[in-house]
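Chains, contacts and geometry: an overview
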Amino acid sequence: MSDQNDDFSARERLARPSRNAPPPRRQPPRGPRGQRPPKRRSLIGRIIGFFISSLYRLAFLAVIAGIVFAGAAFLYFSAGLPSIESLKTYKPPLESRVYASNFQLLAEMGTQHSIYVPYDQIPQVVQQAFVSAEDRLFWVEPGINPLAILRAGLTDIARIGSGRRPLGASTITQQVVKNMLLDNHINFGSKIKEAILAMRVSQAMSKQQVLTLYLNEVDLGQNSFGVAAAAETYFDEPLSQLDIAQAATLAALPKAPTNYNPFLHPQDSLQRRNFVIDRMLADGAINATQAAAAQAEPLLPKAGQAQQGVPNGGYFADAVRAQLVQKFGADAVNTGGLIVRTSLNPDLQQAATNAVRDGLEDYDRNYDGWHGLVTHIADTDLAADWQTLLPKQSNPPGLRPGWRLGIVLAASQSAARIGTTDPNTGSPATGALPLANMRWARPWTHGYMGAHPDSTADVLHPGDVIMVSGNLTALSLEQIPKVQGALISMDPNTGRIVAMVGGWSHDMSPFNRAIQAQRQPGSSVKPLVYLTAMEQNIQPDAQVLDGPFVQMMPDGTVYRPGNYENSFQGPVPIFHALEQSLNLATLHLARQIGLSAIATTFQNFGIVDNMPRYYPSAIGAIDTTLWKMTTAYATLDQYGRLVTPSLIDSVTNPDGKVLYQAPGEQCANCINGSPDQPPQLTTPGQQVADANSVYQMLTMMRGVVLRGTGVPAVKGISQPVAGKTGTTNNFNDAWFIGFTPGIVTGCWVGFDTPANLGENETGGNVCGPIWNEYMKVALKNQPPVDFVTPSGMTLQQTPEPDGTMVTEAFKPGQSPGAQNANGLLGGGMGSLGGSGNGGALTAPQNGGTPGTPPPPSTIDKSLGGLY
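For clarity, every value in this text was computed on a predicted model and none was experimentally measured. (Residues numbered from 1 in each chain as written. Predicted model: local features only at pLDDT ≥ 70, side-chain atom pairs only at ≥ 80, totals over all residues. Heavy atoms only, no water.)

**A look at the confidence of the model for the chain**
Overall, the predicted model of the chain reaches an average pLDDT of 85, with 81% of residues at or above 70. Within the model, the stretch residues 1–5 combines pLDDT values under 50 with 0 contacts to residues more than four positions away or in other chains. Confidence drops under a pLDDT of 50 for residues 829–862, and excluding neighbours within four residues, the segment shows 77 contacts in the predicted structure. (pLDDT = per-residue confidence, 0-100. Contact = heavy atoms within 4.5 Å.)

Right, here's the structure in full:
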């Protein structure tokens, strides 16, 4: 007990304060449960606390406002956005491809060069090159790259006012959206729309689908869209053959197709290509060895060239395009990827081009003198400067293969010294142009063509830029003719056009004179006039008057035409009148058979829609085209079965569906016929003339090329040929159209603005050699197949006016000389459209006698053909 008391006393003493100790510190009152009351803050503390709490509240409100604003913006920019459903079934715009009959590419038609390639045919190296270059997070991002957008936004804010283009942050998906669903206009609103659509696309489509769209649509310059088209354009190789360096070159282009074009800016392209290769290495797509090898590779180991079509096929391709647009519309042609097979034979097309150009050159050298100066360079030191000056001269369109430019360095009497290029190496070199190789170049002085030059200095002067050909030791002077020409060749059995030339050069003038030029055909219409007579049962040897012809015209004037020779022969057989292309005999025959009947024949054969009912029409004073005239002769070749000319054999769409097939031969008994019977083949076409009458016409037209005006056309040709020349008034137009049983070819030569070709420049002399050169190629190795004589027809001998016996065709019941007892055909003076009665004419009008021309002042050659 005492121990406890002692302990208590001790504790009490310890607890009791000493007298000398300081008073104890007063403890603040405690709240309930012993808690201390809150401290009283100072004024500054309270102000700071207020601001902090306000900032928290403002931040919260800003977040709420931002969410509301973003939602409102999303709703606003989402309104009216295009559907992405079109991307799922998207078919890119594909150019149409046109092929010749041997499947050689003729032309590509479209607004852009593009070739669609499915995903599994796009090489992995090409895919990776574009992903590394354009969108490294493509495979994992949700269609947009938020970090890239933030970086671009901050950069663009810093660039405000600088005038520089905003920094792009588009992913591959955004580029697809921009190129295929939106326009290329760039602003804040368009970028938001682009991002919204990109996220939608990323959710609705696989990455493989998106990448396929991108790699088939991306603009890679040179009018090439998509990687397959660009592989052809830049490397002339299929997409599957590209290596790493080539794939990287293409992947460098989307950023700036022009700035990184390897043709235009090779150094910039090389740097960008190597940058892409480094990216591919960093992404693990290639290893270090592959990267080093790719960067060491030349930029363009093989410079890509544009697809080379059929040489000189431009006129044909234009005509095909016109027909395609007419059949399917321009959109289908430009973007539908049509596959078109045509009837063009590339070998015959080249032969036709050569023949026309050779003929025009020959004419030009004989009649147009020297007009081939390209330009003149005024330089005091040509000997030192010509190698620098020559490459600066642009080649004029229309140069023939082997022609090139040269600069006259000196001109002497015997030869001129020319600075040009070596035809073998292409390097600059000097050559000699001897006088003998330019004697044709007669100079013009004061509008008159002078004599053949005696010195090269008469024509050439130092500093002249000219066209030359040949080797350096003996150059030849060349020039592009002013005169123009055209040629059409077709298979008469099917109407398929195998060759077409519309002028000297499509590059110079795309105007197609074979189809578009409306010209007077002159005497080339006469076979249809004589056919009309044959259909009226007039015999080929019936006598017709070759004498003065007088006709009252509607305006009261008198039409008094003459023959080419300004003479007449009196009574002659019809076949002889055609052979010699006698105008007066033809007009007398026309009066006998009637203009209405002739007009029906012209219209049935398609050379004119409505022939004017006046006599000059019967000798070619109408407007038509080489296309129509050649087709009419093809109908003659087919014994009166109407031939429809055709350029297109077939058209298919990209899926292989046949959209058009040209009508061809039909077999009447191939399905249900007896196996013992041969196939009965027929070709479509209305019969527009009596076959027996046409055969009489064919036989007479053979006489034209054997004894008449068409002899120059068949020189050296052994196959049977029928044809007719045509020469219009004032020698403005020269024609020759001829055919064998298997091919029909028509030729025309003239100036675009009708002008005199020159005295005696007839169809036989001008077009005949062109037709001859071409047909020798077309008929090479072809057997001499004759025209089939219809059943009942007979070939019999009948005399020419000089007594020479020739063979003509006669119908059943006809015989040589049987109709001559009835007198001459034609004669008399009629009014416009009068048919005449075919009575005998006892004496030539105008007081003349056979063989004596009427006074020249009374002859009107302003209408119709000459020869």
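**Points about the side chain of H576**
Position of H576 relative to the elements: it lies in helix α18 (residues 574–579). When its relative accessible area of 9% is taken as the criterion, H576 is described as buried. Leave out the neighbours within four places in its chain, and H576 touches Q569, L582, E800 and P801. (Helix = DSSP H or I, 4+ residues; strand = E, 2+ residues; numbered from the N terminus. Buried < 20%, exposed > 50% of the residue type's maximum accessible area, 1.4 Å probe, protein only.)

**What about the pattern of salt bridges?**
Counted by the stated rule, this structure contains 17 salt bridges. Note that D733 and R519 form a salt bridge whose closest N and O atoms lie 2.7 Å from each other. Of the two residues, D733 sits in strand β25 (residues 733–739) while R519 sits in the loop between β15 (497–501) and α17 (526–535), which places them 214 residues apart along the sequence. Each member of the pair D733 and R519 is classed as buried. (Salt bridge = Lys/Arg side-chain N within 4 Å of Asp/Glu carboxyl O.)

**Observations regarding the packing of aromatic side chains**
Following the criterion strictly, the structure yields 12 aromatic pairs and no others. Judged by centre distance (5.4 Å) and plane angle (65°), the rings of F549 and Y615 are edge-to-face. Remark: Y615 occurs in the loop between α20 (595–604) and α21 (626–637) and F549 occurs in the loop between β16 (543–546) and β17 (551–552); sequence separation between them is 66 residues. Given a relative accessible area of 0%, Y615 falls into the buried group. Taken together, the ring pairs in this structure connect Y363, Y367 and F751 into an aromatic cluster. Above the ring of W504, the side-chain terminus of R357 is found at 5.3 Å from the ring centroid. Positioned above the aromatic ring of Y615 is the side chain of R591, whose terminal nitrogen or guanidinium carbon lies 5.7 Å from the ring centre. (Phe/Tyr/Trp six-rings, centres within 6.5 Å; stacked < 30°, edge-to-face > 60°. Lys NZ or Arg CZ within 6 Å of the ring centre and 35° of its normal.)

**Digging into the nonpolar core**
Counting 91 residues, the largest nonpolar core has I574 and F602 as its most contacted members. Discounting residues that sit within four places of it in the chain, I574 has contacts with Y530, M534, I538, Q539, P540, D541, A542, V544, L589, M700 and L825. By size, the runner-up hydrophobic cluster in this structure holds 49 residues, among which are F138, V218, A245 and A248. (Core = buried A, V, L, I, M, F, W, Y, C linked by side-chain atoms within 4.5 Å.)

**Some remarks on unusual backbone geometry**
One non-glycine residue with positive phi stands out, namely Q222, at about 55°. Take Q222: it is sitting in the loop between α8 (207–217) and β4 (224–225). Judged by relative accessible area, which is 42%, Q222 ranks as partly exposed. Positive phi, normally seen in glycine, also occurs at N781, with a value near 65°. Inspection of the secondary structure assignment puts N781 in the loop between α23 (763–778) and β27 (794–799). The class for N781 is exposed, based on a relative accessible area of 74%.

**Some points on the state of the cysteines**
The final tally for this structure, using the stated rule, is 1 disulfide. Residue C747 pairs covalently with C767 via a disulfide, S to S 2.2 Å. Residues C747 and C767 are joined by a disulfide whose S-S torsion is about -80°; by sign, that bridge is left-handed. Here C747 is found in strand β26 (residues 744–750), whereas its partner C767 is found in helix α23, with 20 residues between them in sequence. Taken as a pair, C747 and C767 share a single burial class, namely buried. (Disulfide = S-S within 2.5 Å.)

**Comments concerning the environment of V276**
Here V276 lies in helix α11 (residues 266–282). Classification of V276 as buried rests on a relative accessible area of 0%. Residues V276 and T249, 27 residues apart in the sequence, show an inter-C-alpha distance of 8.1 Å. When sequence neighbours within four positions are dropped, the list of residues in contact with V276 reads A129, A133, A248, A251 and A252.

**Remarks on the environment of I286**
Topologically, I286 is positioned in the loop between α11 and α12 (288–296). For I286, a relative accessible area of 8% translates into the label buried. It is 8.8 Å that separates the C-alpha atoms of I286 and I244, two residues lying 42 residues apart in sequence.

**As for the pairing of strand β28 (residues 805–810)**
Here β27 pairs with β28 via 6 bridges, running antiparallel. Residue Q796 lies in a different strand from β28, and its bridge partner there is E808. (Pairing = 2+ DSSP bridges.)

**Some thoughts on the pairing of strand β5 (residues 339–342)**
Residues V340 and T342 of β5 are buried on one face, while the alternating residues I339 and R341, pointing to the opposite face, are not. Relative to β5, strand β1 (residues 96–99) runs parallel, the two being bridged by 3 bridges. Bridge pairing links V98 to V340 in β5. Where β5 lies against strand β20 (residues 648–652), 4 bridges are found, and the strand directions are antiparallel.

**Considerations on the sheet that holds β26**
Judged by pairing direction, the sheet is antiparallel, and its 5 strands sit side by side in the order β15-β14-β26-β25-β24 without closing on themselves. Two strands in the sheet have a free side with no partner beyond their single neighbour: β15 and β24 (722–727). Pairwise comparison of adjacent strand axes, ignoring direction, gives a mean angle of 5° for this sheet. As judged from the 7 bridges shared by β25 and β26, these two strands associate in the antiparallel manner. (Axes fitted to C-alpha atoms, helices over the stretch in contact; angles between N-to-C directions.)

**A few points about α17**
The element α17 is extensively covered by neighbouring structure, given that 9 of its 10 residues are classed as buried. Regarding α17, the residues found buried are K526, P527, L528, V529, Y530, L531, T532, A533 and M534. Where the residues of α17 are buried, they touch α18, α19 (583–593), α20, α21, α22 (691–707) and β24.

**Side note on the packing of helix α4 (residues 124–134) against α8**
Packed helix pairs are characterised by how far apart their axes lie and by the angle those axes make with each other. Their axes nearest at 11 Å, the elements α4 and α8 cross at an angle of 90°. On the basis of their axis angle, the class for α4 and α8 is roughly perpendicular. Contacts between α4 and α8 pair Q127, F130, V131 and E134 from the former with L211, Y214 and L215 from the latter. (Parallel < 35°, antiparallel > 145°, perpendicular 65-115°, else oblique.)

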